[in-house]
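If you want the building blocks of each chain, they are given just below.
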Amino acid sequence: MVGSTAYEQETAVVDTLRTVFATGRTRDLSWRIEQLRGIERLCEEREQQIVDALAADLGRSAFEGWLADIASTKAEAAYARKHLKKWMRRRPVGLPLSQLPAKGWVQYDPLGVVLVIGPWNYPFYLSVSPLVAAVAAGNCAVVKPSELAPATSALLARLLPQYLDPDAIKVVEGDGATTQALLAQGFDHALFTGGTEVGRKIMAGAAPTLTPVTLELGGKSPVIVTADADIDVAARRIAWVKLLNSGQTCIAPDYVLAERAIAGELVAKIAENVERFRSAEPNTSQRIVNDRQFDRLARLIGTTTGTVVMGGGSDRSTLRMEPTVILDPAADDPVMADEIFGPILPVIRIGSVDAAVRYVNAKPKPLALYVFTESTAQARHIIDAVPSGGAVVNHIAMHVLVPQLPFGGVGASGMGAYHGRWGFEAMSHHRAVLAKRSSPDPQMFYPPYGRLAKKLMRKVF
């Protein structure tokens, strides 16, 4: 149970933000642009401090920290800043004859005070990128970083007030109890990024106050590689993205379904690329975030029914694990049950594309679907046949870097979407407005209705 003191602190934060929002200052285009520029400046001026925090939390190299967390955040803020004035315009709509003369439009009003709950795996990007959407839409916001990335959490608490309006944007640090205490205050929207099980708890915590939620969850994102695919390209791109952040990425390739004719060649080339990509590193194994995650991943390797064809080694004292490829684990193997979220890649030989479709559709809907094929028709067939949050043809995870596309899950992989205009709209109230004139005002259309009025009203309405 949350202590009363903690609960009172969260209440005070939210009450303060509601008072600030009531002044109307966050509605102005100039305020929103100023916040977006602040996020861009934060990414530019504090790059070294950000990558140092990411290294402390995740063991990530400076360049990968810039690529995965900083560059993507800055691009999201810059895109929103450049397009925001257009997004904020009211959208006129046509009206039926029965409502003329009049005008109708949809306007995008700020929701009020929103809550951003960040994860540990990309603790800067996935805390600040949703904040881009929140401030672009003119909201006050609370950012709750993950306690499992303490260095980045402390950095956000220190730096965000220096670059953004400290009265309208607050950082609250803490654990899961803090998150639940915040949710109990009632927000106008909450956006959570994390695992499916915690997502259920977030939704339950939001339910008593009817707080709308955007849940960016995970799932076992499959890669389907057809016999006509460019195997060299597929192997490089699968290996590259799987290695990012030690596979601790919600849209990482979770497992591969390869047509039998090319499966052996694909596995060999994935292994070659993994070795080549890690050859310049002082340690070719990869850092896992904490003991609990390490032990879970080690059990998956130790209990698999498949054949470990690459890697498999690990060192608990340093929380490092070799990139591991497992060939043909059984469908009920633990490694095929839940999202792996680590440097383990099962590859399953499959008899046909239709068999691959059936295999994926027997599982919960994934956050992403990846298809490698040289046939446009076959790619469209697979995408249409397999529901997923998003899909990429002949690459992995690149859709997350396209602000013109919505990013989100479906079913167990999440609900709602954001990025670019989609994020602005997710954090806005789409308000319907109908403006009518005082005249004409035919009296015949008021009770008691005469015969002519009834006849006309049946035609008009």
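The rules we used
- Residues numbered from 1 in each chain as written.
- Predicted model: local features only at pLDDT ≥ 70, side-chain atom pairs only at ≥ 80, totals over all residues.
- Heavy atoms only, no water.
- Pairing = 2+ DSSP bridges.
- Helix = DSSP H or I, 4+ residues; strand = E, 2+ residues; numbered from the N terminus.
- Axes fitted to C-alpha atoms, helices over the stretch in contact; angles between N-to-C directions.
- Contact = heavy atoms within 4.5 Å.
- Salt bridge = Lys/Arg side-chain N within 4 Å of Asp/Glu carboxyl O.
- Buried < 20%, exposed > 50% of the residue type's maximum accessible area, 1.4 Å probe, protein only.
- Parallel < 35°, antiparallel > 145°, perpendicular 65-115°, else oblique.
- Left-handed = near helix turned anticlockwise from the far one by under 90°.
- Nonpolar A, V, L, I, M, F, W, Y, C, P; charged D, E, K, R; others polar.
- UniProt positions renumbered as here; feature names shortened; annotations may be inferred.
- 1 Å grid on protein atoms, 1.4 Å probe; cavity = no way out; pocket = protein on both sides within 12 Å on 5 of 7 lines; lining within 4 Å.
- Polar contact = N/O pair within 3.5 Å; in protein donor to acceptor, adjacent residues only side chain to side chain.

Our focus in this paragraph is the sheet that holds strand S11 (residues 307–310). Read across the open sheet, the seven strands follow the order S11-S14-S15-S9-S8-S16-S17; overall the sheet is mixed. Whereas interior strands pair on both sides, the edge strands pair on one side only; in this sheet they are S11 and strand S17 (390–393). This sheet shows a mean twist of 25° between the axes of neighbouring strands, independent of strand direction. Here helix H12 (residues 353–361) sits on the sheet in contact with strand S8 (222–225), strand S9 (255–259) and strand S15 (344–350), set at roughly 160° to S9. Set on the sheet, helix H13 (residues 376–385) makes contact with S8, strand S16 (368–372) and S17; between it and S16 the angle comes to about 160°.

Scanning the entire structure with this criterion turns up 17 salt bridges. Between Asp 328 and Arg 349 there is a salt bridge, and its shortest N-O distance comes to 2.6 Å. Here Asp 328 is found in the loop between strand S14 (324–327) and S15, whereas its partner Arg 349 is found in strand S15, with 21 residues between them in sequence. Arg 349 sits in the partly exposed class, given a relative accessible area of 36%. For Glu 425, the salt bridge identified is with Arg 421, shortest N-O distance 2.8 Å. Within this pair, Glu 425 and its partner Arg 421 are both found in helix H14 (residues 420–426), separated by four residues, close to a single helical turn. By relative accessible area, which is 22% here, Glu 425 ends up partly exposed. Of the residues examined, Arg 421 reaches a relative accessible area of 25% and is grouped as partly exposed. Salt bridges linked by common partners bring Arg 25, Asp 165 and Asp 167 together as one network.

The interhelical angle for the contact between helix H2 (residues 29–45) and helix H4 (residues 62–88), taken along N-to-C directions, is 165°, at an axis separation of 8 Å. Judged on the interaxial angle alone, H4 and H2 are roughly antiparallel. Where H2 crosses over H4, the handedness of that crossing is left-handed. Note on element contacts: H4 touches H2 through Ile 70, Thr 73, Lys 74, Ala 77, Ala 78, Ala 80, Arg 81, Leu 84, Lys 85 and Met 88, opposite Leu 29, Arg 32, Ile 33, Leu 36, Arg 37, Ile 39, Glu 40, Cys 43 and Glu 44. Of the residues that constitute the contact of H2 with H4, the class distribution is 11 nonpolar, one polar and seven charged.

In the numbering used here, UniProt assigns the "active site" (unreviewed entry) feature to Glu 216 and Cys 250. These annotated residues cover 35 residues of sequence, and their C-alpha atoms lie no more than 8.8 Å from one another, placing them together at a single site. Set against the largest pocket, the annotated residues that line it come down to Cys 250. Checked against the element boundaries, Glu 216 lands in strand S7 (residues 213–216). Those residues within four positions of Glu 216 in sequence are excluded, and the remaining contacts are Phe 192, Thr 193, Gly 194, Phe 407, Gly 408, Gly 409, Ser 413, Gly 416, Ala 417 and Tyr 418. Relative to the helices and strands, Cys 250 resides in the loop between helix H9 (231–243) and S9. On the accessibility criterion, Cys 250 (14% relative accessible area) is buried. Contacts of Cys 250, omitting those with residues within four sequence positions, involve Asn 121, Leu 217, Gly 219, Ser 221, Glu 339, Phe 341, Leu 367 and Phe 407.

Let us now look at the side chain of Asn 139. With respect to the element layout, Asn 139 can be found in the loop between helix H5 (125–136) and strand S4 (140–144). Assessed through its relative accessible area of 0%, Asn 139 is described here as buried. At 2.7 Å, the side chain of Asn 139 forms a polar contact with the backbone nitrogen of Leu 111. Discounting residues that sit within four places of it in the chain, Asn 139 has contacts with Trp 31, Pro 110, Leu 111, Gly 112, Val 114, Ala 134 and Met 427.

A word on the side chain of Ser 98. Position of Ser 98 among the secondary structure elements: in the loop between strand S1 (91–93) and strand S2 (102–110). Non-local contacts of Ser 98, meaning those with residues more than four positions away in its chain, are made with Val 460 and Phe 461.

Right, let's talk about the environment of Phe 277 for a bit. Following the sequence through the fold, Phe 277 ends up in helix H10 (residues 260–278). Phe 277 gets classed as partly exposed once you look at its relative accessible area, which sits at 29%. Along the primary structure Phe 277 and Trp 240 are separated by 37 residues, whereas in three dimensions their C-alpha atoms are 7.5 Å apart. Sequence-distant contacts of Phe 277, defined by excluding residues within four places in its chain, comprise Arg 236, Ala 239, Trp 240 and Leu 243.

Attention now goes to the environment of Val 128. Turning to its location among the elements, Val 128 is positioned in helix H5. The class of Val 128 is buried, set by a relative accessible area of 1%. In this view, Val 128 contacts Ile 39, Thr 73 and Leu 156; residues no more than four positions away in its chain are not counted.

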